[in-house]
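Chain residues, written in single-letter form:
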Amino acid sequence: MATMTIDDLVPHVQTRLNLSSKAKAKEAIQTVLGVISDTLADNQYDAGFEVRLHNFGAFKVKAFAAKASRNPSTGATIQLAARNKIVFKLTKSLADCGK
């Protein structure tokens, strides 16, 4: 399976935005991803908050209830606290590209 990293995206962003250097393209990518990460990591947002990127997808804060689980090493039952997780969902148009 092939993987594309930020370094692989840099020349594409540099060309599309007509930037003078790869460093500026990398900075642009890292800035956008940093803003999204910082926004989602901010604890002021409750379950249901989302960052939507048109024609791409949405990062959403989702609530997960407390539950009992099992430690696979010891077999002991442990209680996991309720918590919020960040989930990502593709838009239908992007999901259809993969079909």
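The structure presented is a predicted model; accordingly, all values stated were derived computationally and were not measured.

Caption draft 1: View of unusual backbone geometry. A positive phi angle, near 55 degrees, is found at Asn-18, a position not held by glycine. Turning to its location among the elements, Asn-18 is positioned in the loop between helix 1 (6–16) and helix 2 (22–41). On the basis of relative accessibility, which here comes to 69%, the residue Asn-18 falls in the exposed class. The residue Asn-55 is not glycine, and still its phi comes out positive at about 60 degrees. Looking at where Asn-55 falls in the secondary structure, it is placed in the loop between strand 1 (50–53) and strand 2 (57–64).

Caption draft 2: Structural view of helix 2. Compared with the 28 Å implied by 1.5 Å per residue over 20 residues, the 28 Å span of helix 2 between its first and last C-alpha is a close match. Taken residue by residue, helix 2 has Ala-25, Ile-29, Ile-36 and Leu-40 as its buried positions. Seen from one end, helix 2 has its buried residues packed into an arc of 40 degrees, which puts them on one side. Exposed and oriented more than 90 degrees from the buried face of helix 2 are Ala-23, Glu-27, Asp-38 and Ala-41. On the buried face of helix 2, the contacting elements are helix 1, strand 1, strand 2 and strand 5 (83–90).

Cut-offs and rules
Residues numbered from 1 in each chain as written. Predicted model: local features only at pLDDT ≥ 70, side-chain atom pairs only at ≥ 80, totals over all residues. Heavy atoms only, no water. Helix = DSSP H or I, 4+ residues; strand = E, 2+ residues; numbered from the N terminus. Buried < 20%, exposed > 50% of the residue type's maximum accessible area, 1.4 Å probe, protein only. Expected span 1.5 Å × (residues − 1). Arc of directions from axis to C-beta. Contact = heavy atoms within 4.5 Å.

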